[in-house]
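# Structure assessment
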Amino acid sequence: MAENKSNEIAEPAANWKPTAEAKSKATTFRWIAAVLWAVAIAAEAVGIFWLLRQREYVGEDGKLVRDPDTGLLSEPGVTAHFPQWAFITLLVLLVVIAALSIIGSMLWKKANRLDPARKADKFRFFVQNQLGAIIAVVAFLPLIILIFLNKDMDKGQKTTAGIVGIVLAALAVVLGVDFNPPSIEQYTADQSTVIQLLGKDEVVWVDGGQVYHVCDSVSDVQTGSEIRTGTTAEAIESGKTRLTLEFASELKKCDLAVPENSAEIVEALRAIRDGATETTLPAPVWADSTDAPIQIPDATESPEPAETPAE
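Residues numbered from 1 in each chain as written. Predicted model: local features only at pLDDT ≥ 70, side-chain atom pairs only at ≥ 80, totals over all residues. Heavy atoms only, no water.

## A short note on the side chain of glutamine 130
Going by this rule: The helix and strand labels rest on DSSP assignments: H or I over at least four residues marks a helix, E over at least two residues marks a strand, and numbering proceeds from the N terminus. Burial status follows relative accessibility: with a 1.4 Å probe on protein chains alone, a residue under 20% of its type maximum counts as buried, one over 50% as exposed, and anything between as partly exposed. Within 3.5 Å is the distance limit for a polar contact, defined as a pair of N or O atoms, with the added protein rule that one can donate a hydrogen and the other accept it, and that residues adjacent in sequence qualify only through two side-chain atoms. Residues count as neighbours in contact if any of their non-hydrogen atoms are within 4.5 Å of one another.
Structurally, glutamine 130 can be placed in helix 4 (residues 122-149). On the basis of relative accessibility, which here comes to 13%, the residue glutamine 130 falls in the buried class. Only 2.9 Å separates the side chain of glutamine 130 from the backbone nitrogen of aspartate 178, close enough to count as a polar contact. The contacts of glutamine 130, once residues within four sequence positions are left out, are Gly176, Val177 and Asp178.

Set out below in structure tokens:
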């Protein structure tokens, strides 16, 4: 019976990959984020090299005098001030930089949900997932430092601009950090679980919620919304982030075989999602071998030699 069921099912896909549509969408999001970040950094440059250099002079109607030690002329009583229009423009510029940085970070995170990096590549994984926070630091830190070093601002201007800059920078950095980034390993573990439980890479979901399910008879799916069916990659493309950890109760609800070690599988999935890179995903253990929807041998096993015809 197990052989017939297994033979009827086409070889399932392995090693999770995003759909072509998800890959394209992720690329678009990253390009838009890159443009927004570039504009934010350009705005910072405008603030540093033009706006902070603005000054107006008070007392310019004094008489010129010559310094006998240097021979240079000076105008006593003349003082430089940071103009009020430049101060207001600076505050607006800080808000614009924050908005561009944050919107870019949100789009970048969406791209990483659709097309994540591998956890095993630690440097790339860190940079790809925390790039929004890194850009926020680059877009704010030099400008904030130069605000506090500006000699033409009065105390009130410097304090106000500095506090506004620090608050906006902190907000942009926090929103740019991805505290729970996805990974290829996480998506592959979910896909592998689905294939071993169902015999194929096919799950169901609805528009609401963040998870996808193993069958369509559970209450989380029977919500009145349109029930969608597809691969785990298509579920991710639709905005779902993971396989539900309640798959054992869902299998039972749908009259499908439930592995005896479902709790161990859940524990392994949770560990992989939390960032563990050396956790082994257990193979389902079935009470009856005929309940196994698919037979997948370990990669270390040597294939059986083909029979040669007798001479």
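## Notes on the pattern of salt bridges
The line we're drawing: Salt bridge, as applied in this entry: a Lys or Arg side-chain nitrogen positioned within 4 Å of an Asp or Glu carboxyl oxygen.
Taken as a whole and assessed by the stated rule, the structure comprises eight salt bridges. Between aspartate 115 and arginine 30 there is a salt bridge, and its shortest N-O distance comes to 3.3 Å. In this pair, aspartate 115 is assigned in the loop between helix 3 (84-114) and helix 4 and arginine 30 in helix 2 (residues 20-49), connecting sequence segments 85 residues apart. On the basis of relative accessibility, which here comes to 15%, the residue arginine 30 falls in the buried class. Residue arginine 228 pairs with glutamate 226 through a salt bridge whose shortest N-O separation is 3.7 Å.

## A short note on the environment of threonine 27
Within the fold, threonine 27 resides in helix 2. In this structure the C-alpha to C-alpha distance between threonine 27 and leucine 114, which are 87 residues apart in sequence, comes to 9.6 Å.

## Topic: helix 2
Here is the rule: Given a helix with a known number of residues, its expected span is that number minus one, times 1.5 Å.
In a regular helix each residue adds 1.5 Å, so 30 residues correspond to 44 Å; helix 2 covers 43 Å between its end C-alpha atoms and thus fits that length. Regarding helix 2, the residues found buried are Ala22, Ala26, Phe29, Arg30, Ala33, Leu36, Trp37, Ala40, Ala43, Glu44, Gly47 and Ile48. The elements touched by buried residues of helix 2 are helix 3, helix 4 and helix 7 (232-237).

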